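A look at the structure
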Amino acid sequence: MPYRLLKFGLSSEYSEPRMFPVQGDLRDAYDVVIIGGGGHGLAAAHYLATEFGITNVAVLEKGYLGRGGTGRNTAIVRSNYLTPQGASFYQASVELFQDLSRQLDLNLFYSERGHFTLAHSPASLRTQRWRAEVNKQLGIDSELITPEEVRKMVPEIDLQCGGHQPPIHGALYHPPGAIARHDAVAWGYARRAGEAGVEIHQQTAVTDIEVRDGAVCGVHTNKGFIKTEKVLSAVAGWTTEITQMVGLRTPLVIHPLQAMVTEPLKPWLDKIVVSASLHLYVSQSSRGELVAGASLDPYELISMRSSLDFAEGTAGHLIDLFPMLGDVKVLRQWAGLCDMTPDFSPIMGTTPIRGFYLDAGWGTWGFKATPISGLTMAHTLATGRDHELIEPFNVSRFSDFQLVGEKGAASVGH
Ligand code: PYC
């Protein structure tokens, strides 16, 4: 047993260094208030401090760090999107992820696996070909492969899906597709932001936002009022509560998304396998568990309860692809909340309310954007202008009819 662990176990004072400082009272005023202590909010805080020298920043989290989408996703990282705007944005995120363990000096268990999007019909194959071509134009490693090539890399797969589902016609293969330890990403950003002087206040709920003459001037919380002229909302799932406080209309709707893990198995699946037609994605974690998820629940709801219906459906589709999993037990299941936009792209950047910034609409793909959303939102907060990578995602696109249709690159059919 490592000596440090033994010392920690025997110590009555638990003297092991803390990951984040214990925060005192809120100050009267901050340069920036970030609502939401998930990966996105914490990454924005980190980059504000380290790239732009803005440290008089408070991150307010009503629960605990990573309680929302950050700790509930299936930890997939990829950039094989359909639109040039989406693919360029997520590619910048993949590049940041590749060096993030070193940057944050924390092992994020970033593991490049290769990512398959299986096509079960000629129409789906055409979409995958389209994505591959857009990706190649942008220098992103993606290609269309045959069923035989799929089987070579994932020998356990049943290309006929047991005869219960349409067979596999081919796949989009994206070698840089990866998984990472999602909670570690949030902790890594929190630790570095805290060291740089950012305050992180957990159990601190925002109850209202003060707007005067079209500009933000403060935030009410369960611990008192804070003066500030800049507020970032990074609260996937609760965005509509926050936007109501400032009177901003968005087309967001909230749906639950469920996921589950199986008991740990010996390592056998070193790829990420996605089937949009079966509404399934699965990878094997470093602990050996199969991490699997499905499509959004098909109703608007703010609830994080998981259902038997989901477990049954997802397990059935896992067995369609991998019949040998019939005896494997489901260990646990959970749900998160997704704010969905009509075009399946995020809403980011400045808004018509001066000083109010949005990082929202992350649907089912927010985790993979964590580093680049943090960096681009920090730039936007620091300069007051949208970073060029996020210009297409401004909320104004819904009134200007400039949608960025990304539904074809969602992991599963929604
Ligand atoms: O977009 O890669 C994705 C994804 C995985 C799980 C849910 N969405």
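Everything that follows concerns the structure shown earlier in this document.
Here's a quick rundown of the structure. (Residues numbered from 1 in each chain as written. Predicted model: local features only at pLDDT ≥ 70, side-chain atom pairs only at ≥ 80, totals over all residues. Heavy atoms only, no water.)

**Focus: the overall build of the protein**
Operational definition: Under the DSSP-based scheme used, a helix requires at least four consecutive residues in state H or I and a strand at least two consecutive residues in state E, with every element numbered from the N terminus. Only the C-alpha atoms count toward the radius of gyration. The rule for a globule is 2.2 Å times the residue count to the power 0.38. Relative accessibility thresholds used throughout: buried, under 20% of the residue-type maximum; exposed, over 50%; partly exposed, between the two (1.4 Å probe, protein chains only). For this analysis, residues touch if any pair of their heavy atoms sits within 4.5 Å.
Scanning the protein from terminus to terminus reveals 11 helices and 20 strands. The globule rule puts the C-alpha radius of gyration for 414 residues at 22 Å, and the 21 Å found for the protein is close to it. Reported as C-alpha extents along the three principal axes, the dimensions of the protein are approximately 65 × 65 × 40 Å. Going through the 414 residues of the protein one by one, you find that 56% of them count as buried. Within the protein, counting contacts between residues at least 6 apart in sequence, those at least 24 apart form 76% of the total.

**Details of the site of the ligand**
Here is the rule: Throughout, near means a residue has at least one heavy atom within 4 Å of the molecule or strand. Throughout this description, a polar contact denotes any pair of N or O atoms lying within 3.5 Å of each other; where both atoms belong to protein, one of them has to be capable of donating a hydrogen while the other can accept it, and for residues adjacent in sequence the pair is counted only when both atoms sit in side chains. Methods summary: accessible areas were calculated by the Shrake-Rupley approach with a probe of 1.4 Å, and residue burial reflects only the protein chains presented. Residue polarity follows a fixed list, in which Ala, Val, Leu, Ile, Met, Phe, Trp, Tyr, Cys and Pro are nonpolar, Asp, Glu, Lys and Arg are charged, and the others, Gly among them, are polar.
Around the ligand, the surrounding shell consists of Thr74, Ile76, Arg78, Tyr281, Thr364, Trp365, Lys368 and Ser411. At 2.6 Å, a backbone N or O of threonine 364 approaches a nitrogen atom of the ligand. Across the complex, the protein chains shield 97% of the 240 Å² of accessible surface that the ligand would expose by itself. Tallied by class, the residues present in the shell around the ligand amount to 3 nonpolar, 3 polar and 2 charged.

**Digging into helix H5 (residues 122-137)**
Rule in force here: Working rule for helices: expected span equals 1.5 Å times residues minus one.
The end-to-end C-alpha separation of H5 is 23 Å, in line with the 22 Å expected for 16 residues at 1.5 Å each. Those residues of H5 that sit buried are Ser124, Leu125, Gln128, Arg131, Ala132, Val134 and Asn135. The secondary structure elements touched by the buried residues of H5 are helix H3 (84-98), strand S5 (115-119), strand S6 (143-145) and strand S7 (170-174). At the exit of H5 stands glycine 139, carrying a positive phi of roughly 80 degrees.

**Quick look at the pattern of salt bridges**
Which entries qualify depends on this criterion: A pairing counts as a salt bridge when a side-chain nitrogen of Lys or Arg comes within 4 Å of a carboxyl oxygen of Asp or Glu.
Counted under the stated rule, the structure contains 10 salt bridges. Note that aspartate 270 is salt-bridged to lysine 271, the shortest N-O span being 3.6 Å. When its relative accessible area of 45% is taken as the criterion, aspartate 270 is described as partly exposed. Judged by its relative accessible area of 11%, lysine 271 is buried. For aspartate 343, the salt bridge goes to arginine 397, with nearest N and O atoms at 2.7 Å. One end of the pair, aspartate 343, is in the loop between strand S18 (330-340) and strand S19 (347-350); the other, arginine 397, is in helix H11 (residues 397-400), and 54 residues separate them in sequence. Its relative accessible area of 4% is what places aspartate 343 among the buried residues. The class of arginine 397 is buried, set by a relative accessible area of 2%. Each of Asp105, Arg192 and Glu195 takes part in one network of salt bridges that share partners.

**Focus on the side chain of aspartate 339**
What counts here: Charge counting treats Lys and Arg as positive and Asp and Glu as negative, with His and both chain ends excluded.
Along the chain, aspartate 339 falls in strand S18. Buried within the structure, aspartate 339 lacks any salt-bridge partner; its nearest side chain of opposite charge belongs to arginine 397, at an N-O separation of 10.0 Å. In terms of polar contacts, aspartate 339 uses its side chain to reach the backbone amide nitrogen of glycine 237, at 2.7 Å. Among all residues touching aspartate 339, those that are not within four sequence positions of it are Val235, Ala236, Gly237, Trp238, Thr239, Leu252, Val253, Ile254, Ala360, Gly361, Trp362 and Gly363.

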